[in-house]
Amino acid sequence: MAITLVFDYDGTLHNTLGIYERAFRQSYEWLVSEGHVTEQYVSTEKISRWLGMNSKDMWSSFQPGLPKDIKEKAENIIGYSMVEQILNNKATWYIGTEIILDELKKMGYNMVVLSNCKTAYKEANWKQFSMGQWFSKFYDCESFGFQPKTEIIKTVRKENSEEFIVVGDRDSDLDCARACGAKFIGCLYGFGADGELQGADEVIRSIDELPDKIKKIREQMYTLKEKK
């Protein structure tokens with residue numbers, strides 16, 4: 001049985017908060033200095049909840065009244081800052097991620113990434129972390145007109161094996177799995193709120209637990225297929 005592992009990126013592989021918070025605060029400082037928003041305290045906790053959203057949804061949630069052109073400028077400040085930080089070695093994956101990906105590759109899984117990110121961000125990470133040694137493709141939402149993952153997963157299915165396991169840290173990843181009838185492994189170490197991953201088939205508290213959970217789900221899938 002050929003199985004494709006569909007990974008979310010931020011909060012699943014990439015411990016993104018460090019570079020994202022710095023980029024957001026740069027953007028927010030610009031908005032305040034230009035008089036587009038009234039300065040207010042924005043906690044690290046609140047900022048972390050935007051990780052996993054695409055940039056359009058994030059700004060609609062945080063400052064829905066901003067004119068479109070101002071939102072775009074604010075988004076660009078964040079995007080440029082994050083790419084610059086990635087290329088300057090400021091980005092980090094969760095400890096042990098490369099080892100786990102090596103193990104999963106040796107086990108014969110096809111692996112792809114599906115992220116609510118922009119194309120430039122994808123390309124910077126792909127280059128900086130040499131992701132091609134593990135992943136056959138990185139799907140970013142900008143390339144699909146910022147459609148939700150529940151829509152993009154249809155293309156992922158067409159281009160990869162029919163059997164899927166989705167791995168992610170937000171409810172958008174759980175929705176993505178359900179949309180394609182896939183099993184879902186929730187990453188509790190990521191940026192989701194308490195209870196956000198309720199309904200996951202399996203959960204992990206560290207990426208080290210991932211191979212065993214995938215093996216368990218794969219055995220269940222084999223058993224179900226044999227019964228049919």
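Presented here is a report on the structure given in the accompanying data block. These numbers were taken from a predicted model, which means no experiment stands behind them.

Considered for burial, the residues of helix H6 (residues 119–128) that qualify are Tyr121, Lys122, Ala124 and Asn125. For H6, the arc enclosing every buried residue in end-on projection is 165°, short of the 170-degree limit, so these residues lie on one face. At its buried positions, H6 is contacted by helix H4 (68–87) and strand S3 (137–140). The positive-phi residue at the C-terminal boundary of H6 is Ser130, with phi of around 45°.

Time to look at the packing of aromatic side chains. Here a ring pair, both rings aromatic, is described through the centre-centre distance and the interplanar angle of the planes. Inspection of every chain in the model, using the stated rule, returns 15 aromatic pairs. Between Phe24 and Tyr28, the aromatic rings sit 5.7 Å apart at their centres with planes inclined by 10°, giving stacked as the arrangement. Within this pair, Phe24 and its partner Tyr28 are both found in helix H1 (residues 17–33), separated by four residues, close to a single helical turn. Note on accessibility: Phe24 and Tyr28 belong to one class, buried. Taking 5.6 Å as the distance between ring centres and 45° as the angle between the ring planes, the aromatic pair formed by Trp93 and Trp134 counts as tilted.

Relative to the helices and strands, Thr16 is located in the loop between strand S1 (3–7) and H1. For Thr16, a relative accessible area of 0% corresponds to the buried category. Apart from residues lying up to four places away in sequence, Thr16 is in contact with Asp10, Gly11, Leu51, Met82, Tyr121 and Phe191.

A few words now on H4. Taking 1.5 Å as the rise per residue, H4 with 20 residues should run 28 Å; its terminal C-alpha atoms sit 28 Å apart, in good agreement. Listed as buried for H4 are Ile70, Lys71, Ala74, Glu75, Ile78, Ser81, Met82, Val83, Gln85 and Ile86. Lining the buried residues of H4 we find H1, helix H3 (55–62) and H6. Residue Asn89 follows H4 closely and has a positive phi angle near 65°.

Right, let's talk about the sheet that holds strand S4 (residues 163–168) for a bit. Within a sheet, adjacent strands bond to each other through the backbone by hydrogen bonds, running parallel or antiparallel. Overall, parallel pairing links the six strands, which are arranged S3-S2-S1-S4-S5-S6 in an open sheet. Taken across any chain shown, the strands that pair with only one partner, and hence form the sheet edges, are S3 and strand S6 (202–204). When the angles between neighbouring strand axes are averaged without regard to direction, this sheet yields 20°. Alignment of strand S5 (residues 183–187) against S6, held across three bridges, turns out to be parallel. Looking at S6, one finds that Ile185 is bridged to Glu202. Strand contacts of helix H8 (residues 171–179): strand S2 (110–115), S4 and S5, with the helix running at about 170° to S5, the strand carrying the most contacts.

With that settled, consider the pairing of S4. Among the six residues of S4, five are classified as buried, and the element is accordingly described as predominantly covered. Pairing analysis gives five bridges linking S1 to S4, with the strands arranged parallel. Across the sheet, Ile3 pairs through a bridge with Glu163, a residue of S4. Taken together, the four bridges between S4 and S5 define a ladder with parallel strand orientation. The partner of Val166 across the bridge, within S5, is Phe184. Assessed by its sense of winding, the connection that carries the chain from S4 through H8 to S5 is right-handed.

Calculation rules
- Residues numbered from 1 in each chain as written.
- Predicted model: local features only at pLDDT ≥ 70, side-chain atom pairs only at ≥ 80, totals over all residues.
- Heavy atoms only, no water.
- Buried < 20%, exposed > 50% of the residue type's maximum accessible area, 1.4 Å probe, protein only.
- Helix = DSSP H or I, 4+ residues; strand = E, 2+ residues; numbered from the N terminus.
- Arc of directions from axis to C-beta.
- Contact = heavy atoms within 4.5 Å.
- Phe/Tyr/Trp six-rings, centres within 6.5 Å; stacked < 30°, edge-to-face > 60°.
- Expected span 1.5 Å × (residues − 1).
- Pairing = 2+ DSSP bridges.
- Axes fitted to C-alpha atoms, helices over the stretch in contact; angles between N-to-C directions.
- Right-handed = clockwise from strand over helix to strand, strands pointing away.

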